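A closer look at the structure
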Amino acid sequence: MSASAFEPSNLEAWLREYYRTIFPFKSYTKWLCYGEKPSEKFALREFAFILEGDTHLRYRSFQNEADFEKDLIKMAPHKLDLGAIYSHPPKENKKHSDFKPVEREFVLDIDLTDYGNVRTCCTKATVCAKCWKFIALAVNILDKILEEDFGFVARMWVFSGRRGVHCWIGDVQARQLNNSQRQAVAEYLSLFSGDKMNVNFGGKKVRSQILHPMVNFAYKCALQSELFQSLLFEQQWLSDSRLDFLLQQIEDEEVVGQITKSFKLKDSERWDYLLKKFDEETRVAHNAKTGASIDPPPATCENFLKWFVLYHCYPRLDVNVSTGMNHLLKSPFCVHPATGNIAVPLNPKKIHEFDVTQAPRVDQLLKQLRENGQNSAENRRILGYNHTSLKDYVHNFNMFIMKALANAEEERAKQKDLDIKPPEIDSPLRSRTVN
Amino acid sequence: MEFGNVKRRVVRKKDVIGEQPTVKYEIIESPHPYNLELYKKHPNDVINLEDFEKIAWHRFNVLKAVEDMKERHGADPKEYMNQMNTTLSSTSKGAYFPVAFPVESNQWKILSSEEKRKWKRDDLVGNYILRLAFCRTPEDQKWLITNEVDLFRFRFQHNMTLSDNSKRDDLTQFLRDNSIDVEQLSEDEKLRLGEEMMAGCAYANGIKTTSDFWKINFTAASDLVRRRKCFLKGGMAYLPTEDLQYILSTHYRVQLAMTLNRAYKYLPNIQNESNRLKPFLEKLANRAYIGKEFLGGDSTQITRHMIEPLSKDFPLCMRNIHQSLRAEHHLKHGARQQYGLFLKAIGLPLEEALAFMREEFTKKIDSDKFEKQYAYNVRHMYGKEGRRKDYAAMPCQLIILGAPPTAGDCHGCPYKHQDTKVLERSLLKDGLNKVQVEKILNFTKVSRFDKACTRQFEFARGMMEGGLGQLVTHPNQYYEFAIQVRDGKRHEEHIEVLKSQTPASHWNSQVTTNDIPPATNHIQSSAQSMDM
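Not measured: the values here are computed from a predicted model.

Time to look at the overall build of chain A. Within chain A, the regular secondary structure consists of 17 helices and 11 strands. Burial status across chain A gives 53% buried among its 435 residues. Accessible surface, chain A as shown: approximately 19,600 Å² in total, 49% of it carbon and sulfur.

Right, dumping it as structure tokens:
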């Protein structure tokens, strides 16, 4: 794949061609139907087309796959956004007084621009392979928390096309969360308010602080990850110039002195020192192995390393995206109009292997299709992506759909069981769609 | 759940007496009845109109007291619980058992089963009547929900303080009765999750094995999830018994909001009750905001020359209009109405009002035009023209819910209608500091205009937060308080007097004269204690 710069002048034609030949309509519709008839879910879903010049066409909806495909190819929007499932087909939004969103995947948004004060390799919109490690680590951590704490099974991580990822959670329970529940989950997951951390790690004025298990869990995840190790040195979090900032977090004069002393060593030895001093497991193991007797840090800064690790690498979420059921979010397989990159679903297990500078690009995909897909012209419409590097990503997409459909099936079975018993109409604890 | 039908049945008591099955308040027979109630089963027995009103006023008074308690002691949970306890559980003063009956075995035991039944019934019936009365506007609904939920939460907390072993069984029974999908952890599970769970629940002092723990779907515990105050695993939230109150009160809030909307739908069903029930229900809802009617002309009289010096004790809405009048020499209809009636109620006689307006208006228009276009309006307000109705000053509720000001208007409630920037500036100009202004603005953001205004009153007079001891619900009430403070007749210390006086007068007024609007009574009694 050549890495020549993307030339957006031809975008219009490419988009039309891309939607016509490569866009995975079949999987896409299958996803949005969640195992039901198109009229049940798909037809009630809001699509938003964003045309050239930032013209937003909201509340578009389609009867079925064919209808959607026809319109998408015809309009060839620069961006395709997905909204909620509404009580009525969104195109009839003005006809019904009780038109309101009723269901929507729970979504998360992580963007590298929020990492300003810890990202030293690039700034603002530029991204490199080093930056991607922030995202990869963030996905590793969040993916585990979403599974462990909330029990969500259908999680899809999608490259946003430039410098971030979106997460779509398609579990029935996640889809049926109301706005305040969405906000609750998002706030639970978010350790940052703006640039500042909203977790109390103790230290100044506070003596010892019990941390929520989720915070400890995230810390352990990060510490065990190789990504963290490479970020630590690549982003120079332990460089001389950072020393003052780190020491601001510590009150204890003695510890300040010790850390200052350790900074006379090389970067990797600085880290070794911090680990042995502040990470309980490392310290205990080290003491047992070598017979050394490194004292635990005083209570006022016992969580210093946890703060350090999470401050630098814990996922920084844009909470506002998650809280509104009807918030529009860029659809998977949409083309980023400025970079030409496709918003591809990633495999969270292999997310560190994804090369953000070599992401599938609309012009290159079309070229691949022209070169590889010659002899299967008749199948092109459906399977066009099979002849391009998009294939693997559609596979990721299908894996997600499988999980989401299995979960939907499971919930339907449960619901059937419940329906046999007298229905409990009034209980919001049971019927979770209540606002 | 034909709510409307129920009410119909209730009212046509005479026709149906003896034919309706009476509802069974089964819990009464249990040796350890819990006093938590989610009011899911509607009452369907017969009740006479007198009882209907009595019960309604009684519950209303309790909720009003709940609101007052929170306003006064909201910042101090311990004191709040104490005050709620003494206020809501005193049986001695009223013939009615207090709504928040503490089910401490000995107090409960001395009641006859008839009394117990009555208590349970009143609790249920009162809740349903208030739902009907407070379902008509979002503001009413909000008021009822807030205070009902606070009452519920108080009862829960109160139960928690009881040492009685039975409270656990009661709670389990309550949860089962209301089919709330929460499961108690077994000892094994508790040990297995151990310390991690304790940390998740923010238990500061290690394992507390004595406490019971529960698990519930995380969607039902969103408040706790948001604050990371419960342990989460596989979509279940784990929490100690104390924290069930958040779950249950959210549950109650949602359910109450739903039933209020349903009650609103069925409201037309009692249309044919327009003579008996409707006025009563309307009166009930209005009392939540309006204290007494300010008609003016009682005793104090002021002249137009006194307005300027007095205006510094006007609430912000009136000062805005006053300043606008001085600057523009004109007022549009909305402002003339709002300000004119206010002035009338503080004791400005008709002749003075006419002269006052004329003096200002004629700086811009000639006096002929004033006589033709505006004098009628002033006389009308004083009941000298047209319907000849002696209009009362507008309460906050009317000002807030009335026609909002458009360009060129200066009426309305500044906390509701004014741009935040403008409001901020005028508050700062009043000499409030940034922190205080921020507090006030925060109240306006959540539509607590009454609280915003009350805070402004307190801050501007150097009182502590909550020092006024109640909420401003009427511009003239604001003015009266301001004058009392000015004359040194109202101090913060008076709260102490109020504390011991208010509850008693509540129950008293209830028993003796249930046709006197109790809220009025409340304000008057506070005013009396002021003079002591």
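Having seen it, we continue.
Before going further, it helps to spend a moment on the overall build of chain B. When its secondary structure is counted, chain B shows 26 helices and 4 strands. Counting over 532 residues, chain B shows a buried share of 56%. By sequence separation, contacts in chain B at least 24 residues apart represent 71% of the contacts at least 6 residues apart. With the model as given, the accessible surface of chain B reaches about 23,700 Å², and the carbon-plus-sulfur share is 50%.

On to the packing of aromatic side chains, then. The final tally for this structure, using the stated rule, is 63 aromatic pairs over all chains. For the pair B:Phe361 and B:Phe370, a centre-to-centre distance of 5.6 Å together with 65° between the ring planes defines the contact as edge-to-face. Judged by relative accessible area, which is 0%, B:Phe370 ranks as buried. Directly above the ring of A:Tyr34 sits A:Arg175, whose terminal nitrogen or CZ lies 3.4 Å from the centroid.

Moving on: the interface of chain B and chain A. Many authors give the size of an interface as the accessible area that is lost as the parts come together. If you look at the interface, chain B gives 30 residues, while chain A gives 31 residues. Of the roughly 2,600 Å² buried between chain B and chain A on both sides combined, carbon and sulfur atoms contribute 59%. Where chain B packs against chain A, one counts 1 salt bridge. For A:Glu148, the salt bridge identified is with B:Lys233, shortest N-O distance 3.9 Å. For the pair chain B and chain A, the interface holds 10 residue pairs in polar contact (both at pLDDT 80 or more).

Let's shift gears to the sheet that holds strand β3 (residues 231–233) of chain B. All names here are of chain B. Strands sit in the order β1-β2-β4-β3 across an open sheet of 4 strands; the sheet is antiparallel. Strands with a single pairing partner mark the edges of an open sheet, and in this sheet they are β1 (182–184) and β3. Within this sheet the neighbouring strands show an average axis-to-axis angle of 30°, counted without direction. As paired elements, β3 and strand β4 (residues 236–240) share 3 bridges and run antiparallel to each other. Looking at the pairing, Leu 232 lines up with Ala 237 of β4. Contacting β2 (213–217), β3 and β4, helix α9 (residues 187–200) runs over the sheet at an angle of about 125° to β3.

Before going further, it helps to spend a moment on the confidence of the model for chain B. All names here are of chain B. The pLDDT averaged across chain B works out to 76; a share of 75% of its residues lies at or above 70. For the stretch residues 1–32, pLDDT sits under 50, and the model shows 61 contacts to residues farther than four places along the chain or on other chains. This stretch, residues 91–98, has a pLDDT under 50; its non-local contacts, to residues over four places away or in other chains, come to 25 contacts.

All names here are of chain A. In spatial order, the strands read β5-β7-β6-β11; together these 4 strands make up an open sheet with antiparallel pairing. One side of each edge strand has no neighbouring strand; the edge strands of this open sheet are β5 (106–111) and β11 (345–346). Against the sheet, helix α4 (residues 129–148) touches β5, β6 (155–159), β7 (164–169) and β11, its axis set at about 165° to β6.

This paragraph deals with the environment of B:Glu438. All names here are of chain B. Position of Glu 438 among the secondary structure elements: in helix α22 (residues 434–445). Assessed through its relative accessible area of 39%, Glu 438 is described here as partly exposed. When the C-alpha atoms of Glu 438 and Leu 427 are compared, they prove to be 9.9 Å apart, with 11 residues separating the residues in sequence.

Residues and elements named next belong to chain B. Inspection of every chain in the model, using the stated rule, returns 45 salt bridges over all chains. A salt bridge links Asp 122 to Arg 121; its shortest N-O distance comes to 3.6 Å. Classification of Asp 122 by relative accessible area gives buried; the value is 11%. For the salt bridge of Glu 282 with Arg 136, the shortest nitrogen-to-oxygen distance reads 3.3 Å. Here Glu 282, found in helix α12 (residues 277–286), pairs with Arg 136, found in the loop between α6 (113–133) and α7 (138–161); they are 146 residues apart in sequence, far enough to count as distant.

Turning next to the pairing of β2(B). Residues and elements named next belong to chain B. Summarising burial for β2: 5 of the 5 residues are buried, a large majority. As defined by bridge partners, β2 adjoins β4 across 5 bridges and the pair is classed as antiparallel. Within the sheet, the bridge partner assigned to Phe 213 lies in β4 and is Pro 240.

Moving on, we come to helix α2 (residues 25–33) of chain A. Residue and element names in this part refer to chain A. Along α2, 7 of the 9 residues are buried, which leaves the element largely enclosed by surrounding structure. When α2 is considered as a whole, its buried residues turn out to be Phe 25, Ser 27, Tyr 28, Thr 29, Trp 31, Leu 32 and Cys 33. Tyr 34 occupies a position one or two residues after α2 and carries a positive phi of about 50°.

So, on to the packing of α4(A) against helix α8 (residues 226–234) of chain A. Residues and elements named next belong to chain A. Look at α4 against α8: their axes get within 10 Å of each other, and the N-to-C directions meet at 145°. Crossing of α4 over α8 shows left-handed handedness. Where α4 approaches α8, its residues Lys 130, Lys 133, Phe 134, Ala 136, Leu 137 and Asn 140 are matched on the opposing element by Leu 227, Phe 228, Ser 230, Leu 231 and Glu 234. Partitioning the contact of α4 with α8 into residue classes produces 6 nonpolar, 2 polar and 3 charged.

Attention now goes to the confidence of the model for chain A. Residue and element names in this part refer to chain A. Summarising the model, chain A shows a mean pLDDT of 88, and 92% of its residues fall at 70 or more. Mean pLDDT values for the elements of chain A range from 58 in helix α16 (residues 380–383) up to 97 in β6. Segment residues 423–435: pLDDT under 50, and 31 contacts once partners within four positions in sequence are set aside and those in other chains are kept.

On to the environment of B:Ile321, then. Residues and elements named next belong to chain B. Position of Ile 321 among the secondary structure elements: in helix α14 (residues 316–328). The class of Ile 321 is buried, set by a relative accessible area of 0%. Distance from Ile 321 to Asp 409, taken between C-alpha atoms, is 9.0 Å for residues 88 residues apart in sequence. Excluding residues that lie within four positions of it along the chain, Ile 321 makes contacts with Leu 331, Ala 335, Gln 338, Tyr 339, Cys 410 and His 411.

Quick notes on the rules
- Residues numbered from 1 in each chain as written.
- Chains lettered and ligands numbered in written order.
- Predicted model: local features only at pLDDT ≥ 70, side-chain atom pairs only at ≥ 80, totals over all residues.
- Heavy atoms only, no water.
- Helix = DSSP H or I, 4+ residues; strand = E, 2+ residues; numbered from the N terminus.
- Buried < 20%, exposed > 50% of the residue type's maximum accessible area, 1.4 Å probe, protein only.
- Areas by Shrake-Rupley, 256 points an atom, 1.4 Å probe, with all protein chains shown as cover.
- Contact = heavy atoms within 4.5 Å.
- Phe/Tyr/Trp six-rings, centres within 6.5 Å; stacked < 30°, edge-to-face > 60°.
- Lys NZ or Arg CZ within 6 Å of the ring centre and 35° of its normal.
- Buried area = accessible area lost by both parts, 1.4 Å probe.
- Salt bridge = Lys/Arg side-chain N within 4 Å of Asp/Glu carboxyl O.
- Polar contact = N/O pair within 3.5 Å; in protein donor to acceptor, adjacent residues only side chain to side chain.
- Pairing = 2+ DSSP bridges.
- Axes fitted to C-alpha atoms, helices over the stretch in contact; angles between N-to-C directions.
- pLDDT = per-residue confidence, 0-100.
- Left-handed = near helix turned anticlockwise from the far one by under 90°.
- Nonpolar A, V, L, I, M, F, W, Y, C, P; charged D, E, K, R; others polar.

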